[in-house]
Amino acid sequence: MVRIRVLVVDDHRIFAESLAAALAAEPDVDVSAAGSGPAALRCMERAVTEGRRYDVLLVDADLGGDMPGARPAVPVRESNEDGLVDGISLVAGVRSNQPAVRTVVLAEKDDPRRAALALQAGASGWVAKDCSLSRLLTVIRGVLRDETHLPPGLLTGVLRELTAARKHRTESERLVESLTPREREVLRCMVAGLGRKAVAERLFLSPHTVRTHMQNVLGKLGVHSTLAAVALARRAGVGPADLGQVLGQALAGDVVERGGQLA
């Protein structure tokens, strides 16, 4: 008999233990429970070390508080007890680092926006916490067959949210494509959290030149602040600059600007 390894991740101890006990009664299910994101990550890392990877994670939608869409994904290998790992960050981190593991979000209530965010982060399903055990087992077995499970009443709302998100992404991509290569480098440095002086040092440009590039970036993106530019860049899929690579490119570049002059 092929056994399914399930990890329940919920900071409500009674619920987590009760659900784990119910699942453990199934002859083909091995189940463990974790009370926080960091605890779940430790369980997963230990399972990998022991050669017993989990197949499915059942993740509380409200793990660690709210589940805002703007939070960055937390990589599995970089999390620790001190860092907050919310539900969507956990889903995204697992998807990035252990893509074979399927995640299902357990929610107190249906919410199309949050369900869409969960799917975008890599979840394979969204299930009500008060659903029947047989329904939950159907979802667990279904996601292992690469199925995506949503309550029927959520489908229209989730599709609408995903369509809107794709439209915003397409518009953001078009705006980013209007930037010059140098402006894109500056934007990636901004996404990495670097200020004007730090960008100037990394790219071997004068602060004045960097300020001009930043102003051009904001103007072409149609925003009025660095935070807005970073948010738009992330929607367009622009990641932070690899600072070591940026430095190497600047040193190897054909043209280096110093003091506002071309060298």
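Further up the page is the structure itself.
What comes next concerns the included structure. (Residues numbered from 1 in each chain as written. Predicted model: local features only at pLDDT ≥ 70, side-chain atom pairs only at ≥ 80, totals over all residues. Heavy atoms only, no water.)

**Digging into helix H1 (residues 13–24)**
Okay, step 1: Here H1 spans 16 Å end to end across 12 residues, near enough to the 16 Å set by a 1.5 Å rise per residue.
Okay, step 2: Buried within H1 we find Ala-16, Leu-19, Ala-20 and Leu-23. Seen along its axis, H1 keeps its buried residues to an arc of 100°; they face one direction. For H1, exposure combined with an orientation more than 90 degrees from the buried face picks out Ile-14 and Ala-21.
Okay, step 3: The secondary structure elements touched by the buried residues of H1 are strand S1 (4–9), strand S2 (29–34), strand S3 (56–60), strand S4 (102–107) and helix H5 (133–143). (Helix = DSSP H or I, 4+ residues; strand = E, 2+ residues; numbered from the N terminus. Expected span 1.5 Å × (residues − 1). Buried < 20%, exposed > 50% of the residue type's maximum accessible area, 1.4 Å probe, protein only. Arc of directions from axis to C-beta. Contact = heavy atoms within 4.5 Å.)

**Here's the deal with the sheet that holds S1**
Two strands in a sheet stick together by hydrogen bonds in their backbones, pointing the same way (parallel) or opposite ways (antiparallel).
Okay, step 1: Within the open sheet, the five strands sit side by side as S2-S1-S3-S4-S5. Their pairing is parallel. Lying at the two open borders of the sheet, with one neighbouring strand each, are S2 and strand S5 (125–128). Averaged over all adjacent pairs, the angle separating strand axes in this sheet is 25°, with direction ignored.
Okay, step 2: Of the pairings in the sheet, the one linking S3 to S4 comprises five bridges and is parallel in character. Residue Leu-57 lies in a different strand from S4, and its bridge partner there is Thr-103. (Pairing = 2+ DSSP bridges. Axes fitted to C-alpha atoms, helices over the stretch in contact; angles between N-to-C directions.)

**Concerning the packing of helix H7 (residues 181–191) against helix H10 (residues 226–235)**
Okay, step 1: In contact at an axis separation of 9 Å, H7 and H10 are set at 100° when each is read in the N-to-C sense. On the basis of the axis angle, H7 is roughly perpendicular to H10. Contact with H7, carried on its side by Leu-187, Met-190 and Val-191, involves Thr-226, Ala-229, Val-230, Ala-233 and Arg-234 of H10 and no other residues of that element.
Okay, step 2: Its residues assigned to classes, the contact of H7 with H10 comprises six nonpolar, one polar and one charged. (Parallel < 35°, antiparallel > 145°, perpendicular 65-115°, else oblique. Nonpolar A, V, L, I, M, F, W, Y, C, P; charged D, E, K, R; others polar.)

**Observations regarding the packing of aromatic side chains**
Okay, step 1: In the structure shown here, the tally under the stated rule is zero aromatic pairs.
Okay, step 2: Over the ring of Tyr-54 we find Arg-5, and its NZ or CZ is 4.4 Å from the ring centre.
Okay, step 3: Residue placement shows Lys-129 over the ring face of Phe-15; its charged tip is 4.6 Å from the ring centre. (Phe/Tyr/Trp six-rings, centres within 6.5 Å; stacked < 30°, edge-to-face > 60°. Lys NZ or Arg CZ within 6 Å of the ring centre and 35° of its normal.)

**Things to note about the environment of Gly-153**
Okay, step 1: The topology assignment puts Gly-153 in helix H6 (residues 152–177).
Okay, step 2: As for Gly-153 and Pro-112, which are separated by 41 residues in sequence, their C-alpha atoms are 9.3 Å apart.

**Comments concerning the pattern of salt bridges**
Okay, step 1: Enumeration according to the criterion identifies 12 salt bridges in this entry.
Okay, step 2: Of the charged contacts, one joins Arg-141 and Asp-28 as a salt bridge, the two residues approaching to 2.9 Å between their closest N and O atoms. You can see Arg-141 sitting in helix H5 and its partner Asp-28 sitting in the loop between H1 and S2, a full 113 residues away along the chain.
Okay, step 3: For Arg-141, a relative accessible area of 28% puts it in the partly exposed group.
Okay, step 4: Classification of Asp-28 by relative accessible area gives buried; the value is 13%.
Okay, step 5: Measuring nitrogen to oxygen at the nearest pair gives 2.4 Å for the salt bridge that ties Arg-52 to Glu-50.
Okay, step 6: Members of the salt-bridge network, linked through shared partners, are Asp-10, Asp-60, Glu-108 and Lys-129. (Salt bridge = Lys/Arg side-chain N within 4 Å of Asp/Glu carboxyl O.)

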